[in-house]
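Structural overview for review
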2 protein chains.
Amino acid sequence: MQGTAQTPSQPAPAYPPTDRTVPTRSPDRASYDRELVHAILDEGYVCHLGFVRDGAPVVLPTLYGRVGERLYVHGSTGSRPLRMTGAADPGLPVCLTVTHVDALVLARSAFHHSINYRSVVVHGTAYEVTDPQERRTALDALVDHVVPGRSRDSRPADKKELAATAVIRLDLNEVSAKLRTGGVNDEPEDMALPHWAGLVPLRKGFDAPVADPGLDSGTALPGYLAAL
Amino acid sequence: MQGTAQTPSQPAPAYPPTDRTVPTRSPDRASYDRELVHAILDEGYVCHLGFVRDGAPVVLPTLYGRVGERLYVHGSTGSRPLRMTGAADPGLPVCLTVTHVDALVLARSAFHHSINYRSVVVHGTAYEVTDPQERRTALDALVDHVVPGRSRDSRPADKKELAATAVIRLDLNEVSAKLRTGGVNDEPEDMALPHWAGLVPLRKGFDAPVADPGLDSGTALPGYLAAL
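Residues numbered from 1 in each chain as written. Chains lettered and ligands numbered in written order. Predicted model: local features only at pLDDT ≥ 70, side-chain atom pairs only at ≥ 80, totals over all residues. Heavy atoms only, no water.

**Here we look at the side chain of D186 of chain A**
Residue and element names in this part refer to chain A. The residue D186 is located in the loop between strand 9 (174-180) and strand 10 (198-201) in this model. Only 2.6 Å separates the side chain of D186 from the backbone nitrogen of R108, close enough to count as a polar contact. A polar contact of 3.2 Å, which involves the side chain of D186, links it to the backbone nitrogen of S109. Excluding residues that lie within four positions of it along the chain, D186 makes contacts with A107, R108, S109, H112, M191 and A197. (Helix = DSSP H or I, 4+ residues; strand = E, 2+ residues; numbered from the N terminus. Polar contact = N/O pair within 3.5 Å; in protein donor to acceptor, adjacent residues only side chain to side chain. Contact = heavy atoms within 4.5 Å.)

**Observations regarding the packing of aromatic side chains**
Residue and element names in this part refer to chain A. Tallied over the full model, the rule gives 2 aromatic pairs over all chains. With 6.2 Å between their ring centres and 75 degrees between their planes, Y45 and F206 make a pair best called edge-to-face. One end of the pair, Y45, is in the loop between helix 1 (34-43) and strand 2 (46-53); the other, F206, is in the loop between strand 10 and strand 11 (210-211), with 161 residues separating them in the sequence. One Lys or Arg, R34, reaches over the ring of Y15 and ends 4.3 Å from the middle of that ring. (Phe/Tyr/Trp six-rings, centres within 6.5 Å; stacked < 30°, edge-to-face > 60°. Lys NZ or Arg CZ within 6 Å of the ring centre and 35° of its normal.)

**Points about the relation of the copies chain A and chain B**
Superposition of chain A onto chain B requires a rotation of 180 degrees combined with a translation of 0.0 Å along the rotation axis, giving an RMSD of 0.0 Å. Put plainly, the chains are arranged around a two-fold axis. When you check the interface residues of chain A against chain B, 100% turn up at the interface there too, and the contact is symmetric in its surfaces. (Least-squares fit on C-alpha atoms with pLDDT ≥ 70 in both.)

**Digging into the confidence of the model for chain A**
Residue and element names in this part refer to chain A. Averaged over all residues, the pLDDT of chain A is 91; the fraction at 70 or higher stands at 93%. The secondary structure element of chain A with the lowest average pLDDT is helix 2 (residues 80-83), at 70, and the one with the highest is strand 4 (residues 65-67), at 98. Note that pLDDT drops below 50 for residues 1-6; the model gives that stretch 6 contacts with residues more than four away or on any other chain. (pLDDT = per-residue confidence, 0-100.)

**Overview of empty space enclosed by the protein**
Residue and element names in this part refer to chain B. Taken as a whole and judged by the stated rule, the model has 1 cavity of 30 Å³ or more. A volume near 40 Å³ is recorded for the largest cavity. In terms of lining, the largest cavity is formed by L49, L71, V73, V94, L96, A126, I168, R169 and L170. For the lining of the largest cavity, the secondary structure elements donating two or more residues are strand 5 (70-76), strand 6 (92-106) and strand 8 (165-171). Top element by residues in the lining of the largest cavity is strand 8. It accounts for 3 residues. Looking at the lining of the largest cavity, its residues break down into 8 nonpolar, no polar and 1 charged. (1 Å grid on protein atoms, 1.4 Å probe; cavity = no way out; pocket = protein on both sides within 12 Å on 5 of 7 lines; lining within 4 Å. Points joined across faces, edges and corners; volume = space filled by probe spheres on them. Nonpolar A, V, L, I, M, F, W, Y, C, P; charged D, E, K, R; others polar.)

**A word on unusual backbone geometry**
One non-glycine residue, D54 of chain A, lies in the positive phi region at around 50 degrees. Inspection of the secondary structure puts D54 of chain A in the loop between strand 2 and strand 3 (56-63).

**Focus on helix 1 (residues 34-43) of chain B**
Residues and elements named next belong to chain B. Of all the positions in helix 1, only R34, V37, H38, I40 and L41 are classed as buried. Taken end-on, helix 1 shows its buried residues confined to a sector of 165 degrees, consistent with a single buried face. You can read the cap of helix 1 off the contacts: a side-chain oxygen lies 3.2 Å from the backbone nitrogen of E35, and it is on D33. (Buried < 20%, exposed > 50% of the residue type's maximum accessible area, 1.4 Å probe, protein only. Arc of directions from axis to C-beta.)

**So, the interface of chain A and chain B**
Across the boundary between the two partners, chain A contributes 86 residues, which contact 86 residues of chain B. Interface area for chain A against chain B, summed over the two sides, is near 7,300 Å², with a carbon-plus-sulfur share of 63%. On the chain A side of the interface with chain B, the three residues burying the most area are R155, W196 and R203 of chain A, jointly 11% of the side's total. Across the chain A-chain B interface, the total number found is 6 salt bridges. Sorting the residues of the side of chain A that touches chain B by element identifies strand 2, strand 3, helix 2, strand 6 (92-106), strand 7 (114-128), helix 3 (132-146), strand 10 and strand 11 of chain A as the ones contributing at least two each. (Buried area = accessible area lost by both parts, 1.4 Å probe. Salt bridge = Lys/Arg side-chain N within 4 Å of Asp/Glu carboxyl O.)

**Some thoughts on the environment of R152 of chain A**
Residues and elements named next belong to chain A. Assignment of secondary structure puts R152 in the loop between helix 3 and helix 4 (159-163). Classification of R152 as exposed rests on a relative accessible area of 71%. In the structure, R152 is positioned 36 residues away from P188 in sequence and 56 Å away in space, judged by C-alpha atoms.

**Notes on the pattern of salt bridges**
Side-chain pairs of opposite charge can arise where the charged atoms are in close proximity. Residues and elements named next belong to chain A. Scanning all chains against the criterion turns up 34 salt bridges over all chains. Residue R66 is joined to D42 by a salt bridge in which the shortest nitrogen-to-oxygen separation is 2.9 Å. Residue R66 is found in strand 4, and its partner D42 is found in helix 1; the two are separated by 24 residues along the sequence. Residue D42 is classed as partly exposed on the basis of its relative accessible area of 37%. Between E43 and R118 there is a salt bridge, and its shortest N-O distance comes to 2.9 Å. With a gap of 75 residues between them, E43 in helix 1 and R118 in strand 7 connect regions that are remote in the sequence.

Right, dumping it as structure tokens:
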């Protein structure tokens, strides 16, 4: 960013690489582009949240939401990772990873079989969110991450539900994306082998929504769902 | 398993629960059923492998394969987690997680929004595989995990490729599945709210295979791909 002045409203277009975010292998597949990172995060539903408990790693799938340069994860106040980030604690070192599998890559050689994927890895310290307004914002973001616009079309959490919900925050500072795109990378001497080679794209998107049996028959499918 | 004799060819139908595999929340969503665990593992392509480096958690997406009660992960001999499991080392504590997202669950209340998912979490110690025959078996399993039957229809790894590839093994001992299935769980007093509620299933499967541009035009799509 040499020579370019950054204002708070215009964050640098890339996250600064660190020792942890520069891979030792295939560095050409790594990216620090902020827009790319946001796009990968916004397309996912479940992240894999890693933390250390009793010296051993734990990786759990969980929903997440993004508000600008902050990710939010929530859960029951009784769940283990959320208990470990209480306000009295100095925060919990975490690694949060989101991955999309786009295609199977079938090469002529077993060695060059691969997957086209896009992933984001976030390193940092997670803190419990205690500010009521930030908690509301985070919970809306978690619902809107599942379906954009949905938080305005559902009953907000009441006092009891809020009391049962812990929210943790992870800032996007030490972040990288990693992706494999494109076709098959076979060795030149393998090109004449008789094996089929190519990509098998994974199907994306949604099947038709299935209304809850208890739904009033007059309830129309909302526009934000039809648009999915 | 009281009163039932188990032979090596008939493993117990369930993994024994441990402190780490019994969740503190929603224990009704946990399962230790061996067949269910295998089915969830076999349906996935990418796992999220967690380990501890310099005291902090790291979670990386990677391919995996299963042979009976063993999972295999491979990578370049130069990659970080694989360097950490060298034969001279006492193994690497890991947590390997596989998750499928099946549907978005839209409840009338924000609080009951959820995801239908199926996940498997494996805790254990990963060891480098050095036996040449087990390495071959593992690499075949990794290719066949992407597309069953594919290892027999591709060129096996040569000496140079084998030398560049590290394989690590994780036994399925401390394992649990966790899943949410079914419909919306709204509070009785919310049932009359005007919000649409129901499931939005994620589309599964594959789009049509895309042949490599360098493929001989006479190469037919193999049966194992047409069957996908």
